[in-house]
Each structure stands twice: as C-alpha cells, then as structure tokens.
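Chains, contacts and geometry: an overview
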Amino acid sequence: MMPGKDVVVIGGGAAGMMCAIEAGKRGRSVLIIDHSPKLAEKIRISGGGRCNFTNLHARPENYLSENPHFCRSALARYTPRDFIALVERQGIGYHEKKLGQLFCDGSSQQIIEMLKRECDAVGVQWWQPCQVRRVTQGGDFRLSTDRGEVRADSLVIASGGLSIPQIGASPFGYRIAEQFGIAVTPLRPALVPLTFAPEDLAHYAGIPGISIDAVVSAGGMQFRENLLITHRGLSGPAILQASSYWRPGEMIHIDLLPDEDAEALLLEHRWSQMQLANLLGRYLPKRFAQAWSAAVLPSRPMQQYSEQELRMLAARLHGWQLRPSGTVGYKKAEVTLGGIDTRELSSKTMEARKVPGLYFIGEVVDVTGQLGGYNFQWAWASGYAAGQYV
Ligand SMILES: Cc1cc2nc3c(=O)[nH]c(=O)nc-3n(C[C@H](O)[C@H](O)[C@H](O)COP(=O)(O)OP(=O)(O)OC[C@H]3O[C@@H](n4cnc5c(N)ncnc54)[C@H](O)[C@@H]3O)c2cc1C
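Residues numbered from 1 in each chain as written. Predicted model: local features only at pLDDT ≥ 70, side-chain atom pairs only at ≥ 80, totals over all residues. Heavy atoms only, no water.

We apply this condition: UniProt positions are given in the numbering used here, feature names are shortened, and annotations may be inferred rather than shown by experiment.
The name that an unreviewed UniProt entry assigns to the protein chain is NAD(P)/FAD-dependent oxidoreductase, with the source organism given as Thermithiobacillus plumbiphilus. As its UniProt record puts it under Cofactor (unreviewed entry), the protein chain is described as follows: "FAD".

Quick look at the structure:
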C-alpha cells in the first residue's frame, strides 16, 4: 500500500519549513520533499551569509503584487515580532544593520539549524534529495518520486522562484499551477543589477567598484541608498530596489547630489579656474566625477562654462537619466517578481480556490518584497498561514 501523509510540502526552504513546523505542531504528519542535496541554500547565502531574516517595519506597502492587498492578512497574523521571538528563544544573537533590517550576529546557518530543530521537534520527515516526477489528484494527492510513491491529503508548493538556478531554483511551482489550471502572472527577475546601454558602458565600465549615496527613481518609486558601478552596469541596494519597479525600455533617474543644491554650488564657482571634474570630485568619488563630467560635457575650468551650461549640468546632477539595456537576469537576481496569481488563492489559508487541498506559499506566489528582510518575512508569514489549515 502507498504510504500516506497528512501533508506533503515540496520545497524545504524558508516557507516550506515554517509551514511544516506549524502543521506538525497541530499534530499533522508532514513530509518535506526537496530535490537539492543541501538544506535551504537560499537561506545560507542570504544577507551576505548573515541572513537578513526580517524587517522591523514590514508592511503590505513593502510588497509588489498585482493585488497589493493579498499579503495583508498573512503578514498581520505572523509579524516580525513573532519570528524575533523564535530567534530569541533559540538564543541566536542578532542586530539591526539599518532601516529595520535584522541580521544574525553569527551566520545564516543558525537560522537553518533553528528551523531544522523545530521541524525535528514536531516529527517532520524529509526526503532530500528527491525528485518529484509526477503529481496526480483523485480525492487525495499522489506523488511519484525517485524515492517511491506517497499520498497526501494536503499538498503544499513551497518551491520558490527562479533566481539562482545554480543552487536549485526551478520552475516546479509554476508547472504544477499550469497542470491544475491555476493562473501565473508574468515572471521577471527583481532585486537585480541593471546593465548599461552600450553608450553608457563606454563611459563607466572602466571604474567598477565605485559606490555613491544617491536617490534612484524608477516606476514612480524612489530609493535613497548606495548605488554601485559594476563592470557591466549598476548595482547596490538603491539599484536593486529600483529594479523591481523598472520595466524594460524605461529610464531610471538618479539624483547624484541629494543633499546639495547643485545649481548654487556650480554658480558659486562660476569664475573659478578649477576644472569641473575636480569640483565635482569634492562631492562625488573622483574617478566617477571625471567619467561623469566627460560623458556630459568635456571637463574645462569652471570659468569657461556659460551660465546656461552650468544650469544644465546642475539639472543633470540631480537627474542623471539612464536607459538600462536590461538586467543581469535570474543568475544574479535575489527574487522572482510575479508568480501564482493571488486571485487563485485564499489570502487566509493560501489554498487554491479551484483545487481544495493544494496550497502555494513563499516566493512562488505573486508577492515580492523589497530589499531588506521583507522576502523572508513573507516566507514565514505565508508558511505560518498555510500551516494552520493544511
Ligand atoms: C543571494 C540572495 C540573497 C538573499 N538575501 C535575502 C535576505 O537577506 N533577506 C530576505 O528577506 N530575502 C533574501 N533573499 C530572498 C529569499 O532568499 C527568498 O525570497 C526566500 O528564500 C523564499 O523562500 P521560499 O521558501 O519561497 O523559497 P526558497 O527558500 O528558495 O526554497 C525553495 C526550496 O524548494 C526547493 N525546490 C525547488 N525546486 C524544486 C523541485 N523541483 N523539487 C523539489 N524541491 C524543489 C529548493 O531546493 C529550495 O530548497 C535572497 C535571495 C538571494 C538569491
């Protein structure tokens, strides 16, 4: 006879483990199936190895979705405080780095081990590595895997998004949705570096590693943080944030001197012998100031510019406009924007409306957080929500 479980969770990452823990606490028998040979690789590499596991200020406004209200209910029922309580109970040291972002003092491995311990405490069983070959439904769910077959009353899809295929990301969740006639919104890489168009690459590719405190605007949103020049384009937190709101073909706007009045500053030096690039080098990294001014107007002594040119330069300093050629793609993206259409799911339980017993949680759903611990908070909250009902 085919072995059976109350709940099978496919994907033992952040959301999958949280759901398994909560279901286990309710006395449900739970099996996690994951195809990766290693446990929770995304958590391991997150936050530069220290896992930015939540954000103190997480609100629905920090998430992108075709239905921005969908995440509201789950986020309200499992808050950053709830996850912090879990971290504190297990004695894991943490600190706020900036903007409400909480990181482990030690390593992200502590969060993985914490979740694994919680799973073990409620008797969660694991098949890992294990490939799921087929899922069928006939009353319950039947899974055919390379470890044999298994039945489940509830099937939870927690297989994440497409980013970083090198460590196990797969389109599994979207395929299951397709199989069951569940809509998926368009997918694209987000929290991702942008690439320069060829004309910009020519000016800036020679100065990788330069970081600038700037305000970056795209798609009606603006973010003040660092931007980083790379050998292919732009990265850094301000760009990653803006990338989620940027659409291919659109411009991004960058205020390079958010704390200065560029016009007053340039006009004040109007009669100076100083080169423009040297003046800008007092406010911006010197090599960037040189590359930027050469791209806009050849650098000359300040006294050789007309007032009109200085006003134009000032406007460009507060509104450097670039049309990126694209993104560096899923290989470097932190998340996938889009996913299981939230109209298909109950916001209370994460269950598919058309397919009772089938649940989708975490990044595979069309709910994408901004940079700063919001994506894990969604994984915990959606996993917790489903865990109460599976
Ligand atoms: C470099 C990087 C850094 C990040 N840093 C942060 C951060 O500091 N803070 C933050 O909030 N977010 C961060 N994120 C985003 C965050 O990691 C994800 O949003 C989060 O892990 C999503 O949780 P999940 O459980 O939905 O998916 P995942 O954690 O990705 O788990 C999915 C699991 O499903 C498994 N799986 C996939 N396909 C299959 C299949 N076909 N069969 C079986 N199993 C399968 C995978 O092996 C994986 O274990 C980062 C992402 C990246 C790439």
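Once the structure has been displayed, the description carries forward.
**Considering the packing of aromatic side chains**
Note the cut-off: Each pair of aromatic rings taken from Phe, Tyr and Trp, with Trp reduced to its six-membered ring, is defined by centres within 6.5 Å and is described as stacked if the planes are under 30 degrees apart, edge-to-face if over 60, and tilted in the remaining cases. Strands here mean DSSP runs of E at least two residues long; helices mean DSSP runs of H or I at least four residues long; both are numbered from the N terminus. Relative accessible area decides the class of each residue, using a 1.4 Å probe on protein chains only: under 20% of the type maximum gives buried, over 50% gives exposed, and in between gives partly exposed.
Scanning all chains against the criterion turns up 13 aromatic pairs. Relative to Tyr374, the ring of Tyr63 has its centre 6.2 Å away and its plane inclined at 85 degrees; by these criteria the two rings are edge-to-face. A residue pair is termed long-range when its members are at least 10 positions apart, and Tyr63 in strand S4 (residues 63-64) and Tyr374 in helix H13 (residues 374-387) qualify at 311 residues. There is no split in this pair, since Tyr63 and Tyr374 are both buried. Note on Tyr204 and Trp320: the rings are 5.2 Å apart at their centroids and 65 degrees apart in plane angle, and the pair reads as edge-to-face. One end of the pair, Tyr204, is in helix H7 (residues 198-204); the other, Trp320, is in strand S17 (residues 320-322), and 116 residues separate them in sequence. Residues Tyr204 and Trp320 agree in their burial class; the two are buried.

**Description of the pattern of salt bridges**
Short version of the rule: Throughout this description, the term salt bridge denotes a Lys or Arg side-chain nitrogen within 4 Å of a carboxyl oxygen of Asp or Glu.
Taken as a whole and judged by the stated rule, the model has 17 salt bridges. Asp213 is the salt-bridge partner of Arg224, the closest N and O atoms lying 2.7 Å from each other. Of this pair, Arg224 sits in strand S14 (residues 221-229) while Asp213 sits in strand S13 (residues 211-218), and the two are 11 residues apart along the sequence. On the accessibility criterion, Arg224 (38% relative accessible area) is partly exposed. The partly exposed category is assigned to Asp213, whose relative accessible area is 38%. A salt bridge links Arg311 to Glu307; its shortest N-O distance comes to 2.3 Å. Of this pair, Arg311 and Glu307 both sit in helix H12 (residues 307-318), separated by four residues, roughly a single helical turn. The class of Glu307 is partly exposed, set by a relative accessible area of 32%.

**Regarding empty space enclosed by the protein**
The method is simple in principle: a probe with the dimensions of a water molecule rolls over the atoms, and the space it marks as empty is what remains. Spelled out, the test is: Method remark: on a 1 Å grid restricted to protein atoms, a set of points is classed as a cavity if a 1.4 Å probe fits but cannot get out and as a pocket if it is open with protein on both sides within 12 Å along at least five of seven lines; lining residues have an atom within 4 Å of a point. Grid points are joined across faces, edges and corners, and a volume is the space filled by probe spheres set on the points.
Under the defined criterion, the tally for this structure stands at one cavity of 30 Å³ or more. If you add up the space inside the largest cavity, you get close to 40 Å³. Taken together, Leu194, Thr195, Phe196, Ala197, Leu234, Ile252, Leu322, Arg323 and Pro324 form the lining of the largest cavity.

**Remarks on helix H5 (residues 109-121)**
For the record, the criterion: By definition here, a helix of n residues has an expected span of 1.5 Å times n minus one. The reported arc concerns the directions from the helix axis to the C-beta atoms and nothing else.
Across its 13 residues, H5 extends 18 Å between first and last C-alpha, which sits within 8% of the 18 Å expected from 1.5 Å per residue. Within H5, the full set of buried residues consists of Ile111, Ile112, Met114, Leu115, Glu118 and Cys119. Here the buried residues of H5 occupy an arc of 160 degrees about the axis, which is enough to place them on one side.

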